[in-house]
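Fold and contact review
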Amino acid sequence: MTGRLDRRPRRGRGFAPSPAFAAALAAALLALACAGPSAAAAVPPPPSLTAPAAAVVEASTGRAVLGVRAHQRRLIASTTKMMTALVAVELLPLDRTCTAPAYGGSPVETKLGLAPGERMRVRDLLRGLLLASGNDAAATLAVCAAGSRAAFVARMNAKARALGLADTRFANPVGLDAPTNYSTPADLARLGIALRRHPFLRRTVDLRSATLASGAYPRTVVNRNRLVQSVPWVNGIKTGHTNAAGYLLVGSGTRRGVTFVAAVAGAPSEGARDADTLALLRWAHRAYAVRTPVRTRAVLARARVKHREEERIDLIATRTVRALLRRDQRVRVEVRAPDELAGPLPRHAVVGTAVVRAGGRVIARVPLVTRTAVPEVGLLERAGDVVARPASLILIVVIAGAAAGLLLRRHGTRRRRGRADMEAA
């Protein structure tokens, strides 16, 4: 992690650092104060693209980090099949067997070669759909899941609305060019993220090849996404191409636990599409990182219990803060909590706040709670605490001295009066 984490909990008054520790702390704070964005990792500029439209989104946060005409509606070819797969797995068990309908199509279409009436399991149809981009697999899944192609397309559009894909509409489950079959790079990236949430689909798009055991005979299909074949950390998702749409790729890549999804639309060639996608994924991983400046139950401060000088209560964070940030952004955690707590307070009582800042803006506010209950201090302990304070001791000495002086004066007066009475007698 290249950004700086500056946690500054307020300490109780019982903390007494040694001179060596204090000097080291002062030096560290001075270095931190003098360090600026230039001390962080430099963020490279976005790559130049041959594709006219593109978008990059981080998978866990859904945050878009780059867009080039990202909301421009375009023909999307076989990237349509991401939604076909997503709807199919919601409606069909993976071990269900489907019967292929008659599917003609043009000679240039990609197909598995399913004969009318041939039976194949859903898991194999999905592999043939996502890896080989089989149009007949898409048609078979649609009829098997919804009874008809039209009913399945209605389900696709309903799912698009449920995912908030406002610039997406489907006319068929295959991806054939149609005025009402369109999306945008931004929506395609979000659709790719939704597909990756399903374990079977996520594993499927990361395969280099697969053997379809069901059907009239075994078939071996190869992933048309060449980046999955050649780049170890690229793990999906779907290619697309027609003459009108150009070359498309929704690609995903995971490094150090962070996944970005890049959607490239309208590239002039397959090679240009692959190069653009890989450049975008590499740039995103170099420019951004997911950081966790605060974790649930982390101790961010300690407070003294009032009237119990040596007792401390841990103050812990109530939730984890996970944020996608540019690598040149500094992160600070400011702890706002009392030095002293007066009981009784229950366990997990809210007593403070941790303010997380990145690049000068507040990105989160996390309540701080007591890890344990704060005890009620009895009257005798309170009195003892009052007596033990230096000011109280001085006051007691003064009062005692004054009282002793008064007693001595009274005693002296009585002795003089006694002598006078004796002399008078």
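Residues numbered from 1 in each chain as written. Predicted model: local features only at pLDDT ≥ 70, side-chain atom pairs only at ≥ 80, totals over all residues. Heavy atoms only, no water.

1. Some remarks on the overall build of the protein
Condition: Secondary structure is summarised from DSSP: a helix means a run of H or I of at least four residues, a strand means a run of E of at least two, and numbering begins at the N terminus for each. Accessible area is worked out with a 1.4 Å probe on protein chains only. A residue is then buried under 20% of its type maximum, exposed over 50%, and partly exposed in between. Note that accessible areas follow from Shrake-Rupley with a 1.4 Å probe, and for residues the cover is restricted to the protein chains shown.
Check the secondary structure of the protein and you find eleven helices and 20 strands. By the burial criterion, 46% of the 425 residues in the protein qualify as buried. Just so you have it, the protein exposes about 20,800 Å², and 55% of that area is on carbon and sulfur atoms.

2. Brief notes about the environment of Ala265
What counts, and what does not: We call two residues contacting when some pair of their heavy atoms lies within 4.5 Å.
By secondary structure assignment, the location of Ala265 is in strand S12 (residues 258-267). Classification of Ala265 as buried rests on a relative accessible area of 2%. Here the alpha-carbon distance between Ala265 and Leu249, two residues 16 residues apart in the chain, equals 6.8 Å. Ignoring any residue separated from it by four or fewer positions in sequence, one finds Ala265 in contact with Ala51, Pro52, Ala53, Arg74, Pro185, Tyr247 and Leu248.

3. Description of unusual backbone geometry
The linkage connecting Gly236 with the following residue, Ile237, adopts the cis geometry, with an omega of 10°. Tracing the backbone shows Ile237 in strand S10 (residues 234-242). Residue Pro344 follows Gly343 across a cis peptide bond; omega there is 5°. Mapped onto the elements of the fold, Pro344 is located in the loop between strand S18 (340-341) and strand S19 (350-358). Backbone geometry places Arg69, a non-glycine residue, at a positive phi of 50°. Tracing the backbone shows Arg69 in the loop between strand S3 (64-68) and strand S4 (74-75). Its identity as a non-glycine residue notwithstanding, Ala77 has a phi of 50°, on the positive side. The topology assignment puts Ala77 in the loop between S4 and helix H2 (81-91). In this structure Ala77 comes out as buried when scored by relative accessible area, which is 1%.

4. Quick look at the packing of H2 against helix H6 (residues 185-196)
Helix-helix packing is described using two parameters, namely the angle between the two axes and the distance between the axes. Where we set the bar: To obtain each axis, a line is fitted to C-alpha atoms, and for helices this fit is confined to the stretch in contact; angles are then taken between N-to-C directions over 0 to 180 degrees. The crossing is said to be left-handed when, going from far helix to near helix, the turn is anticlockwise and less than a right angle, and right-handed when the turn is clockwise. By the convention adopted, Pro, Cys, Tyr, Trp, Phe, Met, Ile, Leu, Val and Ala count as nonpolar, Lys, Arg, Asp and Glu as charged, and the other residues, Gly among them, as polar.
Direction vectors running N to C along H2 and H6 enclose 30°, while the axes themselves pass 10 Å from each other. Between H2 and H6 lies a crossing of left-handed hand. Each of Met82, Met83, Ala85 and Leu86 in H2 lies in contact with H6, whose residues at this interface are Leu188, Leu191, Gly192, Ala194 and Leu195. Residues belonging to the contact of H2 with H6 are distributed by class as follows: eight nonpolar, one polar and no charged.

5. Re the sheet that holds S3
Put simply, the rule reads: At least two DSSP bridges between two strands are needed for those strands to be called paired.
The five strands are arranged S3-S2-S12-S11-S10 in an open sheet whose pairing can be described as antiparallel. Strands at the two margins of the open sheet, each flanked by one partner only, are S3 and S10. With direction set aside, neighbouring strand axes in the sheet form an average angle of 5°. Sheet analysis places strand S2 (residues 53-58) next to S12, joined by six bridges and oriented antiparallel. Within the sheet, the bridge partner assigned to Ala53 lies in S12 and is Ala265. Each of S2, S10, strand S11 (246-255) and S12 is contacted by H6, which is oriented at about 135° to S12, the strand it contacts most.

6. What about the confidence of the model for the protein?
Quick note on the threshold: pLDDT gives the predictor's per-residue confidence on a scale running from 0 to 100.
Confidence along the protein averages 87 in pLDDT terms, with 79% of residues attaining 70 or more. Low pLDDT, under 50, characterises residues 1-39; the stretch is placed with 53 contacts to residues that sit more than four places away or in other chains.

7. Considerations on helix H9 (residues 270-287)
Quick reminder of the rule: Helix span, expected: 1.5 Å multiplied by one less than the number of residues in the helix.
Here H9 spans 26 Å end to end across 18 residues, near enough to the 26 Å set by a 1.5 Å rise per residue. If you check which residues of H9 are buried, you get Ala272, Arg273, Asp274, Asp276, Thr277, Leu278, Leu280, Leu281, Trp283, Ala284, His285 and Ala287.

8. Re the packing of aromatic side chains
Our working definition: Two rings from Phe, Tyr or Trp (for Trp, the six-membered ring) form a pair when their centres are within 6.5 Å of each other. A pair whose planes differ by under 30 degrees is stacked, one over 60 is edge-to-face, and the rest are tilted. Ring-over charges, as used throughout, are those where CZ of Arg or NZ of Lys falls within 6 Å of the ring centre and within 35 degrees of the ring normal.
Per the counting criterion, the structure on display carries one aromatic pair. Seen from the ring of Tyr217, Arg219 lies directly overhead, with NZ or CZ sitting 4.1 Å from the centre. Over the ring of Trp233 we find Arg255, and its NZ or CZ is 4.6 Å from the ring centre.

9. Describing the side chain of Thr277
Looking at the secondary structure, you find Thr277 in helix H9. Classification of Thr277 by relative accessible area gives buried; the value is 0%. Those residues in contact with Thr277, other than ones at most four positions away along the chain, are Leu227, Leu249, Gly251, Ala262 and Val264.

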